[in-house]
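Remarks on the overall topology
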Amino acid sequence: MNCHAVIFDLDGVLTDTAIYHFHAWKALADKLGIAFTEHDNEQLKGVDRLGSLRWILQQGGLTLSEAEEARLMQQKNAHYLALIDHMTAADLYPGVQPLFAALRQSGIKIGLASASKNAAFVVQRLGIAAQFDYIADANQVVNSKPDPEVFLLAAKGLGVTPEGCIGVEDALAGIEAINRAGMKAIGIGDAKVLSGAIRVYPNVKAIKLEEMLGV
Ligand code: B16
Ligand code: MG
């Protein structure tokens, strides 16, 4: 393909924030008396904040008012922000910097499409904010993954057509979003899980650029 841009997901692709999301959701679930395991947390990868809260509440058979949901989300996020406050460039997954450098050298733009409202803060902590040609996150979209909106917004911001983009995702909902955006999907994780991806690598470091661009 003629690739003009590669658009990355953040959590689980460029860094591991899932563990912090887990601790913060677990603390909230404990308070509510709802069981929540690391396995449960897997279901929430790529799912936005409200969707995640509602998934947990459903496990406990709870339905709350919007005001109560907002209060709980605020609580969880304050805890999550405290947990990620110590993140530094050392938390960037291995292989990200060399891949970004190779993309830049090939004249391929770099975008971000994250379901997180904290994406700008995290990339700033990781020291890579300036390396993106465009950042699209949950603050700018109405519909979250698997809706293609955040990927389409990233392509628009980068000034490229979706057909000229490769999307890189670790979550099933994200792979679906990329496919629905009309982009080529590359998965990070388990090929059996990410069945909608054209190619799956175990992590970013394992990506072979020529091979990925050849999809
Ligand atoms: P926040 P991504 C997603 O980010 C995470 O995978 C998901 O677990 C999280 O619930 C979601 O962001 C919302 O995060 O509460 O920070 O807005 O993988 O799309 O970069
Ligand atoms: Mg992710």
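Data block above holds the structure.
Residues numbered from 1 in each chain as written. Chains lettered and ligands numbered in written order. Predicted model: local features only at pLDDT ≥ 70, side-chain atom pairs only at ≥ 80, totals over all residues. Heavy atoms only, no water.

1. Things to note about the coordination of the magnesium ion (ligand 2)
The protein atoms that coordinate the magnesium ion (ligand 2) are D9 (OD), D11 (O) and D170 (OD), at distances of 2.0 to 2.2 Å. Read in sequence order, the donor residues coordinating the magnesium ion (ligand 2) give the pattern D-x1-D-x158-D. There is no split in this pair, since D9 and D11 are both buried. (Donors = N, O, S within 2.8 Å, 3.2 Å for Na, K, Ca; no water. Buried < 20%, exposed > 50% of the residue type's maximum accessible area, 1.4 Å probe, protein only.)

2. Some words on unusual backbone geometry
The omega torsion of the bond from K145 to P146 falls at 15°, within 30 degrees of zero and hence cis. Among the structural elements, P146 can be located in the loop between β3 (134-136) and α7 (149-158). (Helix = DSSP H or I, 4+ residues; strand = E, 2+ residues; numbered from the N terminus.)

3. Here's the deal with helix α8 (residues 172-180)
A173, G174, I175, A177 and I178 are the residues of α8 that are buried. The inward-facing, buried residues of α8 contact α7, β4 (165-169) and β5 (184-188). With its phi angle positive at about 85°, G182 sits one or two positions after the end of α8. (Contact = heavy atoms within 4.5 Å.)

4. Description of the site of ligand 1
Near ligand 1 lie 17 residues; those nearest to it are S114, A115, S116, K117 and N118. For ligand 1, an oxygen atom lies 2.8 Å from a polar atom in the backbone of G46. The contact in question runs from an oxygen atom of ligand 1 to an N or O atom on the backbone of V47, over 2.7 Å. Burial of ligand 1 by the protein chains amounts to 97% of its free accessible area of 470 Å². The residue inventory of the shell around ligand 1, partitioned by class, reads four nonpolar, six polar and seven charged. Of the domains in this structure, domain 1 (5-15 + 91-213) and domain 2 (18-84) are the two that each give at least three residues to the shell around ligand 1. (Near = heavy atom within 4 Å. Polar contact = N/O pair within 3.5 Å; in protein donor to acceptor, adjacent residues only side chain to side chain. Areas by Shrake-Rupley, 256 points an atom, 1.4 Å probe, with all protein chains shown as cover. Nonpolar A, V, L, I, M, F, W, Y, C, P; charged D, E, K, R; others polar. Domains from an automatic or database assignment.)

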